[in-house]
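The primary structure of each chain is shown beneath.
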Amino acid sequence: MSDYALLRERMVRELVAGRGVHDPRVLEAMREVPRHLFVREHLRAQAYGDHALPIGSGQTISQPYIVARMTEQGILREITGQSRNRLFRYQPYIDLFSENTRESTTRP
């Protein structure tokens, strides 16, 4: 298991499930999504901590608990207009992130 996988597992156990997020699909998605790939290289060691991090274009990736709670409650589905099931598969999550980031950088 990689160092990042270990950090992800600890993040899910302590910061997500430990705070009351129990939907197994959300927990599995949080275990699979490589948060460290969404931030600049010098911030990767912090990607699984209990804080938001900048991802560029004036945006941040929210702290893990907030992402998990919003996903569990279906709020991200409403915000993004994507079906809830898309949030629980690795590649579409990256596609969704990339699409939203591209849109935000092309708006005036």
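Residues numbered from 1 in each chain as written. Predicted model: local features only at pLDDT ≥ 70, side-chain atom pairs only at ≥ 80, totals over all residues. Heavy atoms only, no water.

(A) The nonpolar core, seen in detail. Residues M11, V16, V21, M30, V39, I61 and A68 are the most contacted members of the largest nonpolar core, which totals 20 residues. Within the residue set of this core, elements represented by two or more residues are α1 (3-16), α2 (24-32), β1 (53-56) and α3 (64-72). In terms of residues, this core owes the most to one element, α1, which gives four residues. Setting aside anything within four residues of it in sequence, one finds M30 in contact with R8, M11, V12, V16, P64, V67 and A68. (Core = buried A, V, L, I, M, F, W, Y, C linked by side-chain atoms within 4.5 Å. Buried < 20%, exposed > 50% of the residue type's maximum accessible area, 1.4 Å probe, protein only. Helix = DSSP H or I, 4+ residues; strand = E, 2+ residues; numbered from the N terminus. Contact = heavy atoms within 4.5 Å.)

(B) Spotlight on unusual backbone geometry. The backbone of S57 sits at a positive phi, close to 55°, despite the residue not being glycine. Within the element layout of this structure, S57 appears in the loop between β1 and β2 (59-61).

(C) Quick look at the packing of α1 against α2. Between α1 and α2, whose axes approach to 8 Å, the crossing angle comes to 140°. Along this stretch, α1 crosses α2, giving a crossing that reads as right-handed. Between α1 and α2, the residues in contact are R8, E9, M11, V12 and V16 and L27, M30, R31 and E32, respectively. When grouped by side-chain class, the residues that make up the contact of α1 with α2 number five nonpolar, no polar and four charged. (Axes fitted to C-alpha atoms, helices over the stretch in contact; angles between N-to-C directions. Left-handed = near helix turned anticlockwise from the far one by under 90°. Nonpolar A, V, L, I, M, F, W, Y, C, P; charged D, E, K, R; others polar.)

(D) Inspection of the packing of aromatic side chains at higher detail. One pass over the structure, following the stated rule, counts one aromatic pair. On the basis of an interplanar angle of 50° and a centroid distance of 6.3 Å, the ring pair of Y4 and Y48 is categorised as tilted. Taken together, the residues Y4 in helix α1 and Y48 in the loop between α2 and β1 connect sequence positions 44 residues apart. Since its relative accessible area comes to 28%, Y4 is described here as partly exposed. The lysine or arginine in question, R19, covers the ring of Y65, its NZ or CZ lying 5.6 Å from the ring centre. (Phe/Tyr/Trp six-rings, centres within 6.5 Å; stacked < 30°, edge-to-face > 60°. Lys NZ or Arg CZ within 6 Å of the ring centre and 35° of its normal.)

(E) Structural context of the pattern of salt bridges. Summed over the entire model, instances satisfying the criterion amount to five salt bridges. Salt-bridge contacts for E9 lead to R31; the nearest nitrogen and oxygen are separated by 3.0 Å. Of this pair, E9 sits in helix α1 while R31 sits in helix α2, and the two are 22 residues apart along the sequence. We classify E9 as partly exposed; its relative accessible area is 27%. Residue R13 is joined to E14 by a salt bridge in which the shortest nitrogen-to-oxygen separation is 3.8 Å. Relative accessible area serves as the criterion here: at 45%, E14 is assigned to the partly exposed category. (Salt bridge = Lys/Arg side-chain N within 4 Å of Asp/Glu carboxyl O.)

(F) Fine view of the pairing of β1. Taken together, the three bridges between β1 and β2 define a ladder with antiparallel strand orientation. Looking at β2, one finds that G56 is bridged to Q59. Where β1 folds back on β2, the antiparallel hairpin that results is connected by two residues, among which S57 adopts a positive phi of roughly 55°. (Pairing = 2+ DSSP bridges.)

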